[in-house]
Amino acid sequence: MSTTHPGNTLDALPAPEDRPGPEDRPAPDALPEQQRIRLGGVTREEVLTLAGAAGGSLGLDWLLYERILPFSGAFGFLLCWYLLFLALYAVAGRLQWDALTVRERLATALAWSSGLLVLAVIGDQIGYVLYRGLDAARHLNFFTESMRSTAALDPITSGGCLHAVVGSLEQLGMATLFSVPLGILTAVFLVESGSTRRGARLVKPVRVLVEAMTALPSIVAGLFVLGVVILTLGVEKSGFAASLALTVMMMPIVTRAAEVVVRLVPGTLKEASYALGASQWRTVWHVVLPTARPGLTTAVVLGMARGVGETSPVLLTAGFTTRLNLDAFHDNQASLPLFIWNYVKQPYPDMVARAFAGGLTLMAVVLILFVTARVLGRHRTPSERRTRRPLRATAATAATASAANKAAQVAN
Amino acid sequence: MTETAQPPYPAAEFGDGTTDPPTIPLPPVPADGAPGGPSDGPSGGPSDGSSHGPSHGPSNGLSGLETRDLTAWFGQRKVLERVSLQMRAGEITALIGPSGCGKSTYLRILNRMHEMVRGAALAGEVLLDGEDVYATGRRPAEVRRRIGMVFQRPNPFPAMSLYDNVISGLKLAGIKASRDERDHLVESSLRQAGLWDEVSNRLGTPGGALSGGQQQRLCIARSLAVSPEILLMDEPCSALDPTSTRRIEETIAELRHRLTIVIVTHNMQQAQRVSQSCAFFLASHDTPGRIVEAGPTERLFTSPADPRTADYVNGRFG
């Protein structure tokens, strides 16, 4: 196909000499370029009002806080500034505009400031972790060594989080392996079985249960695995046990998100599939799930993002170690959340820096997961898919087919 | 998975050289006896024999469809009452009538799509070549494979390429086919649907990238790829522009010689143009739908026996 494609498309284009050249075309009347109307821009008064309100309220706030009232503290200062700003903005606006416009502008200011607040909080979080953790994270050994031979007062150039990254990835990988098929199958069950009366009776309790599980406190998931798998069944504390606890946390999230997208697959597609003689599960496998694929990857990512940061389930089930343990089925295995939890409590500044660098690594891992899933989840246009061998329309078949067409036309 | 449902296609399409697939008992479709239809084969003979393997039966002996005293309900509401109609093999039968008279329901009963609606029920018989498709133990999937359907709105699978759309029936019905067989099947199905020349150089593009009319022809090709004996069409042109409609009508006319077609349409000119026989459905607000009159299209449109038919075909109501 790749060989025939360009040739065909070239053939389809009109040959260059067929197109009228610019010189034979009638010259367009020389009209001046039209000026575009500015739509939805902000005027100078609006900007100045906003800036004036912000500046005025800052001054007033400073006066109140530093000179008049017996208050102190940054948080109160910022909050008062914001409230004063809103009040000043409303008053200044009311002097120029009617009440309706003022309300409109005020609402806009509120919405924008909440958005900026969220952005600021996230920026602050990342910035703080970066600031505290960079001390450790800028040394390469942090990513290539474990903490096995690092004592409490060793310099920052020894020891690292490799064992925790490996543990996190192994546990998350196994938990994904368990929870994604389970979650997607449950979602398919919730959507597909609701159509029969017998199924509908079972669908309701399952959905209630899944919804309840999304609210399950994560420490309970850890306790459950500790009680059932470790204490009762006798599995040792290991990465495997931790991944089971993570599965309990991830499965309901994957299910909920997957159910929404599976339900969105148009019924007409399912009908088309059934009309071709497909059974229900083949319809699900070949039509419903491929159509819902981009949404399903989002569901998987949501589950993984939840799982990778969970601390309390792994705390009870994985144990903790400073050594690199590749075997997820035996012996304690560290993971990034545990690494952070363990070292941030210690009274040595280098250990705390290592913990923050671990947090930085965790965020990077989540970011990589997100990007990967986005790339995988895009609807690949089928032409990018494995290339098809060109259909060799052998002369014989082409001839018979065209003969058939002619015969049919004659018959009509 | 569908042993009894194995289509005759491997043999029918590329039949002569290859050995017969072992899994084709196909009891209901006798190859040469052709008891089902009155076999007005000769007119269809030359065309369908030439593109298929001429040796095999089902392409020559077309199947007919018949319903006896068909009654249908949605919950407590009766929507069809005692509809008896014969759809002869190798003919195009048009079902006409105003909206809500049960034409589409009737069509969906024919290939067992009706029962997928919750609360749907029915009574009576649907005979495909003399065998009841609602007989106990008969699998709906097998019936649907033999009685294909094209829907009102084109619905190609968006996650598949054109190529995969055409052969999706094989995957969905669990039919194995070699690469060569698939390639040939794609080409012959697209040719039958009159789409091959337009898309043959871009089979890898997604099905949704086509125009509405092309999408609908792709859906027809998809239905044809599993070699159905009957093709049901539920207002296949109502979402399309006149040019695409004409193209599809030509396709339908060409297909007539390969399989039996039942088409629901709101457009009386279309019914007149494409069909050989015609059935007029009518329901009033408190009575369920039933057939007022059925017969050759020519007679129904020129000298209808029932005054209501005359009113409808002349556009006085509906």
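Please read these numbers as outputs of a predicted model, since none were measured by experiment.

### Some remarks on the overall build of chain B
On a plain count of helices and strands, chain B comes out with 13 helices and 10 strands. Going through the 318 residues of chain B one by one, you find that 59% of them count as buried. Of all intrachain contacts in chain B linking residues separated by at least 6 positions in sequence, the fraction that spans at least 24 positions is 68%. Of the roughly 12,200 Å² that chain B leaves accessible, carbon and sulfur atoms contribute 49%.

### Here's the deal with the overall build of chain A
Looking only at helices and strands, chain A features 16 helices and zero strands. Within chain A, buried positions represent 38% of all 412 residues. In chain A, the share of contacts with a sequence separation of at least 24, taken over all contacts with a separation of at least 6, comes to 70%. Within the structure as shown, chain A displays about 24,300 Å² of accessible surface, and the carbon and sulfur contribution to it stands at 67%.

### Structural notes on the nonpolar core
Judged by nonpolar contacts, the single largest core of 90 residues is most densely connected at B:L95 and B:Y106. The element that contributes the greatest number of residues to this core is helix 15 (residues 349–377) of chain A, accounting for 10 residues. Each of domain 1 (44–137) and domain 2 (162–379) of chain A contributes no fewer than three residues to this core. If near-sequence neighbours (up to four positions away) are discounted, B:L95 is found in contact with B:L85, B:K103, B:Y106, B:L107, B:V262, B:I263, B:V264, B:T265, B:A279 and B:F281. Counting 47 residues, the second largest nonpolar core, distinct from the first, contains B:V150, B:L170, B:L203 and B:I248.

### Description of the packing of aromatic side chains
Residue and element names in this part refer to chain A. Taken as a whole and assessed by the stated rule, the structure comprises 11 aromatic pairs over all chains. Considering the side-chain rings of Y65 and F77, the 5.6 Å spacing of their centres and the 85 degrees angle between planes classify their relative orientation as edge-to-face. With Y65 in helix 2 (residues 44–68) and F77 in helix 3 (residues 74–96), this pair connects stretches of sequence that are 12 residues apart. With relative accessibility at 19%, the residue F77 sits in the buried group.

### Remarks on the domain arrangement of chain A
When the parts come together, some accessible area is lost, and that loss is often what is quoted as the size of the interface. Residue and element names in this part refer to chain A. Its domain assignment divides chain A into domain 1 (44–137) and domain 2 (162–379). On a C-alpha basis, the centres of domain 1 and domain 2 stand 40 Å from each other. When domain 1 packs against domain 2, the two sides together hide about 700 Å² of surface, and 87% of this comes from carbon and sulfur. In terms of surface lost to domain 2, no three residues of domain 1 exceed V129, R132 and A136, which account for 56% of the buried area on that side. Across the contact surface, domain 1 and domain 2 share zero residue pairs in polar contact (both at pLDDT 80 or more).

### Looking at unusual backbone geometry
Residue and element names in this part refer to chain B. In this structure, S227 takes a positive phi of about 50 degrees despite not being glycine. Residue position: S227 is located in the loop between helix 9 (212–224) and strand 7 (230–234). The buried category is assigned to S227, whose relative accessible area is 15%. Its identity as a non-glycine residue notwithstanding, E235 has a phi of 45 degrees, on the positive side. By secondary structure assignment, the location of E235 is in the loop between strand 7 and helix 10 (242–255). Here E235 falls in the buried class, since its relative accessible area comes to 10%.

### Focus: the layout of surface pockets
Quantified by volume, the largest pocket comes out at close to 660 Å³. Taken together, 25 residues line the largest pocket, and the ones lying closest to its centre are A:S195, A:T196, B:E115, B:M116 and B:V117. Broken down by secondary-structure element, the contributors of at least two residues to the lining of the largest pocket are helix 6 (162–192) and helix 10 (267–275) of chain A together with strand 4 (120–128) and helix 4 (140–146) of chain B. Residue contributions to the lining of the largest pocket peak at four residues, all from helix 10 of chain A. Residue composition of the lining of the largest pocket, by class: 10 nonpolar, seven polar and eight charged. Put simply, the parts of the chain that give the lining of the second largest pocket at least two residues each are helix 3 and helix 4 (99–137) of chain A. Among the elements that make up the lining of the second largest pocket, the one with the highest residue count is helix 4 of chain A (seven residues). Its residues placed into classes, the lining of the second largest pocket shows 12 nonpolar, two polar and no charged.

The rules behind these values
Residues numbered from 1 in each chain as written. Chains lettered and ligands numbered in written order. Predicted model: local features only at pLDDT ≥ 70, side-chain atom pairs only at ≥ 80, totals over all residues. Heavy atoms only, no water. Helix = DSSP H or I, 4+ residues; strand = E, 2+ residues; numbered from the N terminus. Buried < 20%, exposed > 50% of the residue type's maximum accessible area, 1.4 Å probe, protein only. Contact = heavy atoms within 4.5 Å. Areas by Shrake-Rupley, 256 points an atom, 1.4 Å probe, with all protein chains shown as cover. Core = buried A, V, L, I, M, F, W, Y, C linked by side-chain atoms within 4.5 Å. Domains from an automatic or database assignment. Phe/Tyr/Trp six-rings, centres within 6.5 Å; stacked < 30°, edge-to-face > 60°. Buried area = accessible area lost by both parts, 1.4 Å probe. Polar contact = N/O pair within 3.5 Å; in protein donor to acceptor, adjacent residues only side chain to side chain. 1 Å grid on protein atoms, 1.4 Å probe; cavity = no way out; pocket = protein on both sides within 12 Å on 5 of 7 lines; lining within 4 Å. Points joined across faces, edges and corners; volume = space filled by probe spheres on them. Nonpolar A, V, L, I, M, F, W, Y, C, P; charged D, E, K, R; others polar.

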